[in-house]
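Notes for the structure review
Residue-level listing of the chains:
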Amino acid sequence: MRSISIFGATGSVGEQTFDLIQRAGGADAYRVVALTGGQNITRLADMARELRAEVAVCADASSLAELRDRLAGSGVETAAGPEAIAEAADRPADWVMSAIVGAAGLVPGFRALRHGATLALANKESLVTAGPLLLAEAAAHGATILPVDSEHSAIFQALTGEDIGAVERIILTASGGALRDWPLEALAKATVKEALAHPNWAMGQRITIDSASMFNKALEVIETREFFGVTPDQVEVIIHPESLIHSMVGFHDGAIMAHMGAPDMRHSIGYALNWPARDALPVARLDLAQVATLTFRAPEMARYPALRLAREVMARRGLAGAAFNAAKEIALDHFLAGGIGFMDMAGVVEDTLEALEPEMGRSNLPEALEDVVAMDHLARIRAGEIASQKARSR
Ligand code: NAD
Ligand code: MG
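Residues numbered from 1 in each chain as written. Chains lettered and ligands numbered in written order. Predicted model: local features only at pLDDT ≥ 70, side-chain atom pairs only at ≥ 80, totals over all residues. Heavy atoms only, no water.

Cis rather than trans, the peptide bond between tryptophan 275 and proline 276 has omega equal to 5°. Here proline 276 is to be found in the loop between helix H11 (266-274) and helix H12 (288-291). Residues other than glycine seldom take positive phi values, yet arginine 317 does so here, at roughly 50°. On the secondary structure map, arginine 317 appears in the loop between helix H13 (305-316) and helix H14 (320-336). Residue arginine 317 is classed as partly exposed on the basis of its relative accessible area of 22%. (Helix = DSSP H or I, 4+ residues; strand = E, 2+ residues; numbered from the N terminus. Buried < 20%, exposed > 50% of the residue type's maximum accessible area, 1.4 Å probe, protein only.)

We now examine the pattern of salt bridges. All chains considered together, the criterion is met by 31 salt bridges. The partner of lysine 390 in a salt bridge is aspartate 351, with the nearest N and O atoms 3.2 Å apart. Remark: aspartate 351 occurs in helix H15 (residues 344-356) and lysine 390 occurs in helix H16 (residues 369-392); sequence separation between them is 39 residues. A relative accessible area of 21% places lysine 390 in the partly exposed class. Connected through shared salt-bridge partners, Lys124, Asp149, Glu151, Lys217 and Glu220 make up one network. (Salt bridge = Lys/Arg side-chain N within 4 Å of Asp/Glu carboxyl O.)

A few words on the coordination of the magnesium ion (ligand 2). At this site the magnesium ion (ligand 2) is bound by Asp149 (OD), Glu151 (OE) and Glu220 (OE), with donor distances of 2.1 to 2.2 Å. In terms of primary sequence, the donors binding the magnesium ion (ligand 2) are separated according to D-x1-E-x68-E. (Donors = N, O, S within 2.8 Å, 3.2 Å for Na, K, Ca; no water.)

Taken together, 23 residues are adjacent to ligand 1, and Thr10, Ser12, Val13, Gly38 and Glu125 come closest. A distance of 3.4 Å separates an oxygen atom of ligand 1 from a polar backbone atom of alanine 122. Protein chains bury 82% of the 820 Å² of accessible surface belonging to ligand 1 in isolation. Here the residues of the shell around ligand 1 sort into 12 nonpolar, 8 polar and 3 charged. Two domains each put at least three residues into the shell around ligand 1: domain 1 (2-147) and domain 2 (153-263 + 285-291). (Near = heavy atom within 4 Å. Polar contact = N/O pair within 3.5 Å; in protein donor to acceptor, adjacent residues only side chain to side chain. Areas by Shrake-Rupley, 256 points an atom, 1.4 Å probe, with all protein chains shown as cover. Nonpolar A, V, L, I, M, F, W, Y, C, P; charged D, E, K, R; others polar. Domains from an automatic or database assignment.)

Attention now moves to the sheet that holds strand E10 (residues 245-251). On the basis of which strands lie adjacent, the open sheet formed by 4 strands has the order E9-E8-E10-E11 and mixed pairing. The two strands at the open ends of the sheet, each matched to only one other strand, are strand E9 (235-239) and strand E11 (256-260). Sheet twist, expressed as the average angle between the axes of neighbouring strands with direction ignored, equals 20°. Bridge analysis of E10 against E11 gives 5 bridges, and the strand direction is antiparallel. By the bridge assignment, methionine 248 is partnered in E11 with alanine 258. Running over the sheet, helix H7 (residues 150-159) touches strand E8 (167-174), E10 and E11 and is turned about 40° from E10. (Pairing = 2+ DSSP bridges. Axes fitted to C-alpha atoms, helices over the stretch in contact; angles between N-to-C directions. Contact = heavy atoms within 4.5 Å.)

What follows covers the domain arrangement of the protein. The domains assigned to the protein are domain 1 (2-147), domain 2 (153-263 + 285-291) and domain 3 (317-393). Placing a centre on the C-alpha atoms of domain 1 and another on those of domain 3 gives a separation of 27 Å. Contact residues are listed per partner, giving 10 residues for domain 1 and 13 residues for domain 3. For the pair domain 1 and domain 3, the two sides together bury roughly 920 Å², of which 75% comes from carbon and sulfur. Considering only the surface of domain 1 that becomes buried against domain 3, Thr129, Pro132 and Leu133 emerge as the three largest contributors, covering 48% of it. Summed over the shared surface of domain 1 and domain 3, the result is 0 salt bridges. Run the count over domain 1 and domain 3 and you get 1 residue pair in polar contact (both at pLDDT 80 or more). Put simply, the parts of the chain that give the side of domain 1 that touches domain 3 at least two residues each are helix H5 (106-113) and helix H6 (125-140). (Buried area = accessible area lost by both parts, 1.4 Å probe.)

Turning to a nonpolar patch on the surface, a few remarks are in order. There is a patch of nonpolar side chains on the surface, built from Met260, Leu286, Leu288, Leu294 and Phe296 and spanning about 410 Å² of accessible area. The topology assignment puts leucine 294 in the loop between H12 and H13. Leucine 294 gets classed as partly exposed once you look at its relative accessible area, which sits at 32%. (Patch = residues over 30% accessible without salt bridge, like charges linked within 9 Å, V, L, I, M, F, W, Y side chains within 5 Å.)

Estimates place the volume of the second largest pocket at around 240 Å³. Broken down by element, the lining of the second largest pocket gets its largest block of residues, 4 residues, from H11. Split into classes, the residues belonging to the lining of the second largest pocket amount to 9 nonpolar, 4 polar and 4 charged. (1 Å grid on protein atoms, 1.4 Å probe; cavity = no way out; pocket = protein on both sides within 12 Å on 5 of 7 lines; lining within 4 Å. Points joined across faces, edges and corners; volume = space filled by probe spheres on them.)

Here the focus is the packing of helix H4 (residues 82-90) against H5. Their axes nearest at 7 Å, the elements H4 and H5 cross at an angle of 20°. Overall, the two elements H4 and H5 adopt an arrangement that is roughly parallel. Of the two possible hands of crossing, H4 and H5 adopt the one that is right-handed. Contacts from Glu83, Ile85, Ala86, Glu87, Ala89 and Asp90 in H4 reach Val107, Pro108, Arg111 and Ala112 in H5. When its residues are assigned to classes, the contact of H4 with H5 shows 6 nonpolar, no polar and 4 charged. (Parallel < 35°, antiparallel > 145°, perpendicular 65-115°, else oblique. Left-handed = near helix turned anticlockwise from the far one by under 90°.)

Below, the structure is given as structure tokens:
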């Protein structure tokens, strides 16, 4: 029986993973090792009972008593805190879903790779902050990383049976987010609620705002460069409002392979779960006559400064990805809390990158996970100061 763990089980990707596991027979079909969650203890406990997990771990020590109560008599072990989450990743499992949001997902993913697991990687932050280290860790332990981000799953599928040397360009599609048709001058006043109205995908709150600002696409551009080993100028972004083409690969002969399907994350999660097989999935089938047209347009750089910043991060590499991601997370916190405006987020990230330039060192590769974690902490502090300053001067 295949053993699995889900990190970030109670989130959007985690729930959809749970759904596929349940449909495939749940605890009768898989041996479930670890499930982890953040704030939603009731849901984590319910999932752990249902899947008869070995251990359920929550992020906060203050929630441990509640988790223990809810799982009393179930036979599921309980634990709490970041170290307990990392230890849960030390428990061998054949297939591990990395779906914690943010830099908190980095260490558990690394630890899972050490026992040679197949790591289904939704946590794009791992590749953005520590891509070369993550790939080296996987190679050292004979582990496999399968991308779960829909764009990267699409690219991975388009590359199956192809030689990466024959690739000319990788074209990431972007919906353009909730504010794509707003007049440019109105963006500064966009509220959280307005930025959350994503046209096509139902996702977690943070990634939905990141779609509107295209910080999500910026992370994905870097993720593409790191995971597929192409150069920055081989990675392009195109706005495709229908979100039916999930990304494309262009080859030297001029051919473009596009991956299409309904916008449903269970496609890429299921692909990673069943890989290398292609089993049936409960996703909607496209009626192309109904779809009728697919449209594309170039992203306006003034609307999406995050895309320009991604180019700078790729040119700098090293610890710039860690600083970029951390600053973006803090800027997002401040936007969500109402302290800074929608367009201020890019300003906070840009100023943080500039302020940390002297700390980034000379290496153009991150050398150790500890350096990445240290840069993450430093960038959070610096970005917090910069965001507070911006909030005061508004
Ligand atoms: P989410 O916010 O819905 O869920 C995140 C999960 O992580 C939850 O279980 C939450 O409790 C847990 N968590 C949050 N902070 C934590 C912490 N500090 N320590 C431990 N656990 C913590 O997020 P999501 O939308 O499911 O996204 C998860 C990851 O997948 C992100 O990296 C995101 O970029 C990526 N992703 C998501 C989608 C999507 O459709 N939602 C698509 C592509 C990629
Ligand atoms: Mg994506």
